[in-house]
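Residue-level listing of the chains:
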Amino acid sequence: MLRNKNVWILLTGEFIAGLGLWLGIIGNLEFMQEKLPSDFLKSLLLAAGLLAGIAVGPYAGRLTDQASKKTVMLLAGFVRAISVIFMLIAIATGSIWWMVVFLVLLQISAAFYFPALQAALPLIVAEKDLLQLNGVHMNVSTLSRIIGTAVAGILLVILPLSMLYVGSLVAYIGLFILTWFLNIDESKDLQTAKKGLLEKTSFKDVFPIIKGLPIVFMTLIMTLVPVLFLGGFNLVIINISELQDSSAIKGWIYTAEGISFMLGAFFIKLISDRSSPYIILFACSFMIGGSQLLLYLADIPVLTIVAFALFGFSVGCFFPTAATIFQTKVPKEFHGRFFSFRNMLDRITFQIVLLISGFLLDLIGLQLMCVLFGGLSIIMTTVFYTRHRYLQTRTANQNN
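Because the structure is predicted, anything quoted here is derived from the model rather than measured.

Enquirer: I'd like a description of the overall build of the chain, backed by residues and values.
Expert: Scanning the chain from terminus to terminus reveals 16 helices and 0 strands. A globule of 400 residues ought to have a C-alpha radius of gyration of about 21 Å, and the chain, at 21 Å, matches this closely. Each principal axis of the C-alpha distribution contributes one length, and for the chain these read about 60 × 50 × 40 Å. Look at the contacts in the chain between residues 6 or more apart in sequence, and 86% of them connect residues 24 or more apart. Roughly 17,700 Å² of accessible area belongs to the chain as shown, and the carbon and sulfur atoms make up 69% of that amount. The average position of the 27 basic charges and that of the 20 acidic charges among the side chains of the chain differ by 9 Å.

Encoded structure:
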């Protein structure tokens, strides 16, 4: 797999783009802390971009199934680079509204790029290598996050905020150039797409496919558990920093969570040989709920780091397993629409959790909110697990 040129192009592009993304995210947090005092207002601002991504999701899914994955990734990469210019204008003018434009364009770009990327991965490696590639890909993404957040923290001290976005722009241009060198054989998929065009393929065609594949349907529902943590992730980190009166804790949190994520993604191949995908997903979900409950003690730095390390390892196992299930169980001719739908579902749930997180942080504070979300995660996982065992038992009885 690692001798495959396309794999190296995608991994290198992911690393470079990840650096740019996290330079921008840290810059966003800094800009919002200066301009918006309320956590709820911060969440509303972030939600504006997510809404735009949701709105174009159905079209992005159809286009990904009907056109070249490489072409879609190139167009999305171009829009992503252009979006940074509007953030530079926002910094120059001090206007939140230009930041809204930046976030909208960035999320529209992501709505096209990520379904195309997920649909491209099964086309460049054999099915037996997909779990390993998903793990490596997520590790590269996490490594870029660790380095990107560290570099951003240093640059904020010595350079103006705008330079973070200049670095982000350079990274996105680098990703655009690398994408040109991808060489993906899409001839069969494009022939299927042309046939689909004649038959008036609809985005809604993906829903019967999901309903008819219980493992895919269950995995989609299970992804709601980590979203309860991830939706308000950055707001939680800001609040922990304020609670402990420490700017340095942000870096420690990102580093601990990132390294643990990489360990989880590294060990998932070994774990998957001994356990079913469902068992992995349920176990990880319980650990995610436990890590949230542990943040009731977020005023203690060591326990804060432990909580994020536990969360990082859990999602490092969870997401490669979920991605591999989707890529192998869903028919390839539906990959664009399916991953676009999944992207839309993630954005909707992220937006809801983001708004609720901002509201609860203002209303009841960080620690009680984490207890509430942690308890909800464990209850949801228990319900899903009980349902799964019931269906297994019923199927076994029917077979006997």
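Enquirer: Lay out the nonpolar core in plain terms, naming residues and giving numbers.
Expert: Grouped together as the largest cluster of nonpolar side chains are 85 residues, with contacts concentrated most on Leu-45, Met-99, Ile-240, Leu-295, Phe-308 and Phe-338. Looking at this core element by element, the count peaks at 11 residues for helix α14 (residues 301-329). Setting aside chain neighbours within four positions, we find Phe-308 in contact with Phe-229, Phe-233, Val-236, Ile-237, Ile-240, Ile-253, Glu-257 and Leu-295. Judged by nonpolar contacts, the second largest core, of 24 residues, contains Ala-76, Tyr-113, Ala-116 and Leu-130.

Enquirer: Give a description of the layout of surface pockets that names residues and reports values.
Expert: Roughly 340 Å³ of internal volume is contained in the largest pocket. Every residue lining the largest pocket is counted, 15 residues in all, and those nearest its centre are Thr-149, Gly-153, Ser-247, Lys-250 and Gly-251. If you list the elements that add at least two residues to the lining of the largest pocket, you get α1 (5-35), α5 (130-158) and α12 (248-272).

Enquirer: Explain the packing of aromatic side chains residue by residue, including any values.
Expert: Counted according to the given criterion, the structure contains 16 aromatic pairs. An aromatic cluster of three or more residues is present, and its members are Phe-229, Phe-233, Phe-308 and Phe-311. Sitting above the plane of the Tyr-113 ring, Arg-80 keeps its charged end 4.7 Å from the centroid. Across the ring face of Tyr-172, the terminal group of Arg-80 is positioned such that the distance to the ring centre comes to 5.3 Å.

Enquirer: Go over the packing of α12 against α14 with me, naming the residues and quoting the values.
Expert: The description of two helices packed together rests on the angle between their axes and the distance between the axes. Running from N to C, α12 and α14 cross one another at 35°; their axes reach a closest spacing of 6 Å. Taken as a pair, α12 and α14 cross one another with a handedness that is right-handed. Class assignment for the residues of the contact of α12 with α14 results in 20 nonpolar, 6 polar and 1 charged.

Enquirer: Can you break down the confidence of the model for the chain residue by residue, with the values?
Expert: Per-residue pLDDT for the chain has a mean of 81; in total, 94% of the residues score no lower than 70. The least confident element of the chain, judged by mean pLDDT, is helix α7 (residues 187-198) at 52; the most confident is helix α13 (residues 277-294) at 89.

Enquirer: Talk me through the side chain of Gln-244; I want residue IDs and the actual numbers.
Expert: On the secondary structure map, Gln-244 appears in the loop between α11 (233-243) and α12. Residue classification places Gln-244 among the buried positions, given a relative accessible area of 16%. A polar contact of 3.1 Å, which involves the side chain of Gln-244, links it to the side chain of Thr-304. Beyond its immediate stretch of four places on either side in the chain, Gln-244 contacts Ile-249, Ala-298, Asp-299, Ile-300, Pro-301 and Thr-304.

Analysis parameters
- Residues numbered from 1 in each chain as written.
- Predicted model: local features only at pLDDT ≥ 70, side-chain atom pairs only at ≥ 80, totals over all residues.
- Heavy atoms only, no water.
- Helix = DSSP H or I, 4+ residues; strand = E, 2+ residues; numbered from the N terminus.
- Rg over C-alpha atoms; globule rule 2.2 N^0.38 Å.
- Contact = heavy atoms within 4.5 Å.
- Areas by Shrake-Rupley, 256 points an atom, 1.4 Å probe, with all protein chains shown as cover.
- Lys, Arg positive; Asp, Glu negative; His and termini not counted.
- Charge placed at Lys NZ, Arg CZ, Asp CG, Glu CD.
- Core = buried A, V, L, I, M, F, W, Y, C linked by side-chain atoms within 4.5 Å.
- Buried < 20%, exposed > 50% of the residue type's maximum accessible area, 1.4 Å probe, protein only.
- 1 Å grid on protein atoms, 1.4 Å probe; cavity = no way out; pocket = protein on both sides within 12 Å on 5 of 7 lines; lining within 4 Å.
- Points joined across faces, edges and corners; volume = space filled by probe spheres on them.
- Phe/Tyr/Trp six-rings, centres within 6.5 Å; stacked < 30°, edge-to-face > 60°.
- Lys NZ or Arg CZ within 6 Å of the ring centre and 35° of its normal.
- Axes fitted to C-alpha atoms, helices over the stretch in contact; angles between N-to-C directions.
- Left-handed = near helix turned anticlockwise from the far one by under 90°.
- Nonpolar A, V, L, I, M, F, W, Y, C, P; charged D, E, K, R; others polar.
- pLDDT = per-residue confidence, 0-100.
- Polar contact = N/O pair within 3.5 Å; in protein donor to acceptor, adjacent residues only side chain to side chain.

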